[in-house]
Amino acid sequence: MKRVGIIGAMQIEIDLVLDKMELLKEYKFAGFPFYTGVLYGREIVLTRCGVGKVNSASCTQILIDRFNIDCVINTGIAGSLKNDISVCEMVISSDVTHHDVRKAQMKNLFPFEETFIASEELINLAIKACISTASKYHCGRIVSGECFVEDNKLKGVLLNDYSPACVEMEGSSVGHVAFINNIPFIIIRCISDNADEEAAITYDTFEKIAGNQSASIVIEMISNI
Ligand code: ADE
């Protein structure tokens, strides 16, 4: 893995990496900033895609086409979908899927995958990073859709349909675009809320802490590549 692409949706999700990296050059394509530089001797390209799957799909494709990256890491925050996964704990993607696209469409139409499987090598690196920083972590499926989930009823539907660990709004499209380009990927998320009726309040309290926590795991991963 010579050059690593790192994507966060919001500034608070990339700030820590931006602070820590040696910044060489900044680009702008389709409104997305791309920061090239070095972190622990590793070439990285950091970008901020904005919220939502269309943004993250577009940004991931540009990252792949213009920056010749060897893998992509998506860092950020998420809503927990399981009672044993608490705020400020980490979720490492085993696989990702869109919760707002019918399973039959995923299976029967291009690219003919119900879920996109994360890179085993990157999963192992993420686990190692969580262990060495004493961060509580869970490995599991991450689902993404074009809505902020703050509703126990929808939470129940997602759990029933996908058995996911957490929900967010970009990871599945990063995985989808990485898959069709044959690029290894992983989604690393720190829980900011429980995707229930209290989610908006919990989110406001924890978004920055959780965003930094996830970014710190990515930094630790880069130091171990
Ligand atoms: N990102 C963080 N929390 C979320 C939630 N509850 N739903 C969707 N995306 C999120």
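Above this text is the structure in question.
Reference entry: report on the structure contained in this document.

Definitions and limits used
Residues numbered from 1 in each chain as written. Predicted model: local features only at pLDDT ≥ 70, side-chain atom pairs only at ≥ 80, totals over all residues. Heavy atoms only, no water. Buried < 20%, exposed > 50% of the residue type's maximum accessible area, 1.4 Å probe, protein only. Helix = DSSP H or I, 4+ residues; strand = E, 2+ residues; numbered from the N terminus. Pairing = 2+ DSSP bridges. Contact = heavy atoms within 4.5 Å. Axes fitted to C-alpha atoms, helices over the stretch in contact; angles between N-to-C directions. Left-handed = near helix turned anticlockwise from the far one by under 90°. Salt bridge = Lys/Arg side-chain N within 4 Å of Asp/Glu carboxyl O. Near = heavy atom within 4 Å. Polar contact = N/O pair within 3.5 Å; in protein donor to acceptor, adjacent residues only side chain to side chain. Areas by Shrake-Rupley, 256 points an atom, 1.4 Å probe, with all protein chains shown as cover. 1 Å grid on protein atoms, 1.4 Å probe; cavity = no way out; pocket = protein on both sides within 12 Å on 5 of 7 lines; lining within 4 Å. Sits in = over half its atoms within 2 Å of the grid points.

## Considerations on the pairing of strand 10 (residues 185-193)
Counting buried residues in strand 10 gives 9 out of 9 residues, a clear majority hidden from the surface. Alignment of strand 5 (residues 71-80) against strand 10, held across 8 bridges, turns out to be parallel. Bridge assignment links Ala78 to a residue of strand 10, and that residue is Ile191. Pairing between strand 6 (residues 90-98) and strand 10: 3 bridges, direction antiparallel. The partner of Val91 across the bridge, within strand 10, is Arg189.

## Structural notes on the environment of Ala165
Within the secondary structure, Ala165 is located in the loop between helix 5 (152-162) and strand 9 (166-168). A relative accessible area of 4% places Ala165 in the buried class. Sequence separation of Ala165 and Tyr137 is 28 residues, and the distance between their C-alpha atoms is 11 Å. Apart from residues lying up to four places away in sequence, Ala165 is in contact with Ser80, Leu81, Lys82, Ile85, Val91, Gly140 and Arg141.

## Looking at the packing of helix 2 (residues 53-67) against helix 6 (residues 171-180)
Their axes nearest at 8 Å, the elements helix 2 and helix 6 cross at an angle of 35°. Our pair here, helix 2 against helix 6, has a crossing hand that is right-handed. Residues Lys53, Ser56, Ala57, Thr60, Gln61 and Ile64 of helix 2 touch helix 6, and the partners they reach there are Ser172, Ser173, Val174, Val177 and Ala178.

## Some points on the pattern of salt bridges
Inspection of the entire model under this criterion finds 7 salt bridges. One salt bridge in this structure joins Glu43 and Lys2, with 3.0 Å as the shortest N-O distance. Highlighted residues: Glu43 in strand 4 (residues 42-48) and Lys2 in the segment before strand 1 (3-8), separated in sequence by 41 residues. The partly exposed category is assigned to Glu43, whose relative accessible area is 27%. Connected through shared salt-bridge partners, Lys2, Arg3 and Glu43 make up one network.

## Considerations on the site of the ligand
Contacts to the ligand come from 13 residues, most closely from Gly79, Phe148, Val149, Glu168 and Asp193. A distance of 2.8 Å separates a nitrogen atom of the ligand from a polar atom in the backbone of Val149. Contact distances for the ligand include 2.6 Å between a nitrogen atom and a side-chain N or O atom of Asp193. Bound to the protein, the ligand loses 96% of the 260 Å² it would expose on its own. More than half of the atoms of the ligand fall within 2 Å of the grid points belonging to the largest pocket. Elements represented by at least two residues in the shell around the ligand include exactly strand 5, strand 9 and strand 10.

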